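Chain by chain, the residues:
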Amino acid sequence: MMKFLVFLVFLVFLGSVRNSTPPKPARVGERVAKACLSRFLACLSRFLARFEEHEIELIDALDYLIELVFKPHFSYAKGKAPTALDELAKKIAVADGYLMVSPEYNHSMSPALANLLNHFGSSIFSYKPSGIITYSAGQWGGMRADLGMRNFLGELGCLSVSAMIHVPKAQDVFHEDGTLQADEDENAWFDYFDRCFYQLVWWAEATKQQRQIEDPFTHSKAFNASPYAT
């Protein structure tokens, strides 16, 4: 049996740039993202016997002030893309899995998240898993947004795991630092989160090992030709 050095890298995308109210507090998603980071690290620590190392990084859409005129990373000549986009493209390519944290706007995923992800070609996301986490200030927890997110992530090639996370009234569930409010059931929330995280880690490990066996683009080549080519 082949033995692999397991080194997993995950990106957690916070897909909201809203910093004004309503709702209050303005950045409800920041609480959810911090809670996910904390619990995901705890979840990974339980599998340290299998993992040599791991990295988790938060990618906040608010940190990427993208130009109003849409120009994706792959449309720039090599070395000419904005530094922030170039660095993020490298991080996406290296990552083994993704967590997508999104509010629900008009029953859809965050346009800020879609806009950020659309700046990159699907090939750097492909053959890796993703997890969907939605939240809202109301009672539904953004669950209607996940339907479109499944399709969106599938087209990027990072298919979402079946266990999703929905956080209704997130401002009443988490403190500003991502810790649970005193009256919340810690075990219930952690069990809920861990189901998604375990599936993500399982698939990330499996797909990474398979990519080490064979380059998936050998038989299913990435589209990298110019659309203007004749």
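Everything discussed here concerns the structure shown above.
Report follows, based on the coordinates. Quick caveat, the model's predicted, so the values are computed rather than measured.

**Focus: the pairing of strand S4 (residues 130-135)**
- Counting buried residues in S4 gives six out of six residues, a clear majority hidden from the surface.
- Both S4 and strand S5 (residues 165-167) contribute to a ladder of three bridges, which runs parallel. Bridging across to S5, Tyr135 finds its partner in Val167.
- The handedness of the S4 to S5 crossover, carried by helix H4 (residues 145-156), is right-handed.

**Brief notes about the environment of Gln171**
- When you line up the elements, Gln171 lands in helix H5 (residues 170-173).
- The sequence separation of Gln171 and Gly148 amounts to 23 residues, and the corresponding C-alpha distance is 24 Å.
- If sequence neighbours within four positions are ignored, Gln171 has contacts with Lys24, Pro25, Val28, Arg31, Ser136, Ala137 and Gln181.
- Side-chain polar atoms of Gln171 contact the backbone oxygen of Ala137, separated by 3.2 Å.

**Considering the packing of aromatic side chains**
- A complete count under the given rule lists 12 aromatic pairs for this structure.
- A centroid spacing of 5.4 Å and a plane angle of 85° characterise the contact between Tyr127 and Phe217, whose relative ring orientation is edge-to-face. Of this pair, Tyr127 sits in the loop between helix H3 (111-117) and S4 while Phe217 sits in the segment after helix H6 (186-213), and the two are 90 residues apart along the sequence.
- Given a relative accessible area of 33%, Tyr127 falls into the partly exposed group.
- We classify Phe217 as partly exposed; its relative accessible area is 24%.
- On the numbers, 5.0 Å between centres and 75° between planes, the contact of Trp202 with Trp203 is edge-to-face.
- An aromatic cluster is present here, built from Phe10, Phe40, Phe174, Trp189, Tyr192, Phe193 and Phe197 joined pairwise through their rings.
- Residue placement shows Lys71 over the ring face of Tyr76; its charged tip is 4.3 Å from the ring centre.

Rules and cut-offs
Numbers given to residues run from 1 along each chain, matching the order in which its sequence is written. Local features are withheld for residues below a pLDDT of 70 in this predicted model, meaning they are given only at 70 or higher, and side-chain atom pairs are given and counted only at 80 or more; totals for whole chains, interfaces and linings count all residues. Excluded from the side-chain calculations are hydrogens and water; all other atoms, namely the structure's heavy atoms, are used. A simple rule labels every residue: compare its accessible area, found with a 1.4 Å probe on the protein chains alone, to the largest value its type can have, and call it buried under 20%, exposed over 50%, or partly exposed in between. Elements are defined by DSSP. Helices are runs of H or I of four residues or more, strands are runs of E of two residues or more, and each kind is numbered from the N terminus. Paired strands are those between which DSSP finds at least two bridges. By the criterion used throughout, a crossover qualifies as right-handed when its path from the first strand across the helix to the second strand runs clockwise, the strands pointing away from the viewer. Contacts are residue-level and defined by heavy atoms, with any inter-residue pair within 4.5 Å sufficient. Counted as a polar contact is a pair of N or O atoms within 3.5 Å, where, for protein atoms, one must be capable of donating a hydrogen and the other of accepting one, and residues adjacent in sequence contribute only when both atoms are in side chains. Whether two aromatic rings pair depends on their centres lying within 6.5 Å, for rings of Phe, Tyr and Trp, where Trp uses its six-membered ring; planes under 30 degrees apart make the pair stacked, over 60 edge-to-face, and the rest tilted. Definition used: whenever NZ (Lys) or CZ (Arg) falls within 6 Å of the ring centre and also within 35 degrees of the ring normal, the charge is taken to sit over that ring.

No statement about biological role is implied by the geometric values presented.
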